[in-house]
Amino acid sequence: MTTSITRALARAGHVWVGLYALSAAFITYFCMYAFRKPLTAATYEGVEGWGFLLDFKIAMVIAQVLGYAASKLIGVKVVTEASETHRPWMILGFILTAWVGLILFAVLPGNWKIAAIFLSGLPLGMIWGLVFAYLEGRRMSEILGAGLCASFIVSSGAVKAVGRALIVDYGLPELWMPAATGALFLPLLAVSVWLLAQTPPPDAKDVAERVKRQPMFKPERAAFLAVTGVGLLMLVVAYIVLTALRDFRDNFAVELWGALGFGDTPSIFALSELPVAGVVLVLFGLTALIKNNRSAVLTYHWMIMAGAIIIAGVTFAFQAGYMDPVWWMIAVGAGVYMGYVPYNAVLADRLTAALRLPGNAAFFMYVADASGYGGSVALMLIKNFMSLNLDWLSFFNLVCYVSAAVVLVTTFSSYLWFRFRVFRTQPAQNLEMHTISTIAAPPVNQNG
């Protein structure tokens, strides 16, 4: 979409384009979280018509996550192939569909509420890739990606604080709170999506440094998988674990903060995430200084491993009585997002540029995401049926240790694969020629 705003930004230069795109993308994704995360700001005890052994809130969160995971699988095709013209309408249409699901959650009888939540989660998983498409492939993509990731770190706590306040301070029934919270953000969402659609595409220097981004169809996706191999598999395993830990901390924040003595303090949900967002912004913004795309990919591996060490270290300090509970929750969040954020933005963008394969960053992100939410569901089922009567806090401590160990092993394995197998044995120009021959070469005529 070319408008006077688009032309003016293009003349202003890539820094102003980046700041504009990040602002619009940040607000858009922040608003999307108002349709996803307020759901978890209530406990939903004693819901009428629910008679299953599985706790209602756990069942509800699983339904949303399953919808989200299915959305990621759909997004492997839909988002990677989406054209620039269709993106804004897809964003608005998907979020409005999710809002309808939240309204149905409030009005349908007990068991059907779970189906409504699945419907609500089903379109939302495609929003990230559609929004990030406006930020990828630019010289500033690390800063833009980190800024966008800060939106879901901050917004998760902020929209839960809004939802919790609607219940605690205004007496709104728990079942209507998610839809009401989403309604509050609808006008701002519409404006931010319109502004986002005015973003100019990457300029010539962006393309030279980060490779031109384009829709990614089946041959391009196959070529990407052929090159990344075992390294991609190890990264996906690490992401499954990180997603499970991140979602558990996020979805059951009410229970965890309650166990720590802060259950009736709505502001704690937002305030505790601000330092985490600050760490992520600074850390990943600094990686923009790394010009070599392959060096950046390997650096992100080390940052993911460092995050795992932080998770285990601060959990031990908390259990030993050396760390305040609030700062422990903040530090665990920082460690989690040090590992989680690269997958959602900077690692995918840099890996695409490093391999010089035709396509976009959405494919890698959606392969990882589609797998990651399976781990989230598994962890919630373990908590409900196999936790050996551990309370929320004890179970979370155990999960922190196990997650840190798995992430360390798998990420280091991926580092070795890319460092010594992909990057050392296949120079960039060979990767590019391999891709061209895989995608574009005509079939051999066996009859001469």
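About the criteria used
Residues numbered from 1 in each chain as written. Predicted model: local features only at pLDDT ≥ 70, side-chain atom pairs only at ≥ 80, totals over all residues. Heavy atoms only, no water. Helix = DSSP H or I, 4+ residues; strand = E, 2+ residues; numbered from the N terminus. Rg over C-alpha atoms; globule rule 2.2 N^0.38 Å. Buried < 20%, exposed > 50% of the residue type's maximum accessible area, 1.4 Å probe, protein only. Contact = heavy atoms within 4.5 Å. Areas by Shrake-Rupley, 256 points an atom, 1.4 Å probe, with all protein chains shown as cover. Lys, Arg positive; Asp, Glu negative; His and termini not counted. Charge placed at Lys NZ, Arg CZ, Asp CG, Glu CD. Patch = residues over 30% accessible without salt bridge, like charges linked within 9 Å, V, L, I, M, F, W, Y side chains within 5 Å. Salt bridge = Lys/Arg side-chain N within 4 Å of Asp/Glu carboxyl O. pLDDT = per-residue confidence, 0-100. Axes fitted to C-alpha atoms, helices over the stretch in contact; angles between N-to-C directions. Left-handed = near helix turned anticlockwise from the far one by under 90°. Nonpolar A, V, L, I, M, F, W, Y, C, P; charged D, E, K, R; others polar. Core = buried A, V, L, I, M, F, W, Y, C linked by side-chain atoms within 4.5 Å. Expected span 1.5 Å × (residues − 1). Polar contact = N/O pair within 3.5 Å; in protein donor to acceptor, adjacent residues only side chain to side chain.

A look at the overall build of the chain
Part 1 of the argument: Helix and strand counts for the chain come out as 19 helices and 0 strands.
Part 2 of the argument: Radius of gyration (C-alpha) of the chain: 22 Å, near the 22 Å computed for a compact globule of 448 residues.
Part 3 of the argument: Counting only C-alpha atoms and orienting by the principal axes, one finds that the chain spans roughly 75 × 50 × 50 Å.
Part 4 of the argument: The burial tally for the chain puts 58% of its 448 residues in the buried class.
Part 5 of the argument: Within the chain, residue pairs in contact and separated by at least 24 positions form 85% of the contacts whose partners lie at least 6 positions apart.
Part 6 of the argument: Here the chain has roughly 17600 Å² of accessible surface; of this, 69% comes from carbon and sulfur atoms.
Part 7 of the argument: Of the charged side chains in the chain, 29 are positive and 23 negative; the average position of the first set lies 11 Å away from that of the second.

Examining the environment of Met140
Part 1 of the argument: Counting through the fold element by element, Met140 comes out in the loop between α6 (127-132) and α7 (141-168).
Part 2 of the argument: The exposure class assigned to Met140 is buried, which follows from its relative accessible area of 12%.
Part 3 of the argument: Distance from Met140 to Gly182, taken between C-alpha atoms, is 31 Å for residues 42 residues apart in sequence.
Part 4 of the argument: Not counting chain neighbours up to four residues away, the residues in contact with Met140 comprise His14, Val15 and Gly18.

So, a nonpolar patch on the surface
Part 1 of the argument: Together, Val100, Leu104, Val107, Leu119 and Trp176 make up an exposed nonpolar region whose accessible area comes to about 390 Å².
Part 2 of the argument: If one sorts the elements of the nonpolar patch by residue count, helix α4 (residues 87-107) sits on top with 3 residues.
Part 3 of the argument: Counting through the fold element by element, Leu119 comes out in helix α5 (residues 110-124).

Considerations on the confidence of the model for the chain
Part 1 of the argument: Mean pLDDT over the chain: 83, with 90% of residues reaching 70 or higher.
Part 2 of the argument: In the model, residues 429-448 has pLDDT below 50 throughout and makes 18 contacts with residues more than four positions away in sequence or in other chains.

A few points about the packing of helix α15 (residues 325-344) against helix α18 (residues 392-422)
Part 1 of the argument: In contact at an axis separation of 13 Å, α15 and α18 are set at 35 degrees when each is read in the N-to-C sense. Relative to α18, the crossing made by α15 is left-handed. The segment α15 lies against α18, with Trp328, Met329 and Val332 engaging Leu393, Phe396, Asn397 and Cys400.
Part 2 of the argument: For the contact of α15 with α18, the residue count by class is 6 nonpolar, 1 polar and no charged.

Remarks on the nonpolar core
Part 1 of the argument: Counting 145 residues, the largest nonpolar core has Trp128 and Phe152 as the members making the most contacts within it.
Part 2 of the argument: In contact with Trp128, other than residues within four places in its own chain, are Tyr29, Lys72, Leu148, Cys149, Phe152, Asn344, Ala345, Met365 and Tyr366.

Some remarks on the pattern of salt bridges
Part 1 of the argument: Scanning the entire structure with this criterion turns up 8 salt bridges.
Part 2 of the argument: Glu81 is the partner of Arg221 in a salt bridge, and the nearest nitrogen-oxygen pair spans 3.3 Å. Here Arg221, found in helix α10 (residues 218-251), pairs with Glu81, found in the loop between α3 (56-78) and α4; they are 140 residues apart in sequence, far enough to count as distant.
Part 3 of the argument: Note on Arg221: relative accessible area 13%, which makes it buried.

Digging into helix α14 (residues 293-319)
Part 1 of the argument: Taking 1.5 Å of rise per residue, 27 residues should cover 39 Å, and α14 covers 40 Å from first to last C-alpha, within 8% of that figure.
Part 2 of the argument: Two or three places before Arg294, at the start of α14, stands the capping residue Asn292, its side-chain oxygen 2.9 Å from that residue's backbone nitrogen.

Observations regarding the side chain of Glu255
Part 1 of the argument: Looking at the element boundaries, Glu255 is found in helix α11 (residues 253-259).
Part 2 of the argument: Exposure remark for Glu255: the relative accessible area of 15% places this residue in the buried category.
Part 3 of the argument: Among the polar contacts listed, one links the side chain of Glu255 to the side chain of Lys57, at a separation of 3.2 Å.
Part 4 of the argument: In contact with Glu255, other than residues within four places in its own chain, are Thr43, Lys57 and Trp392.

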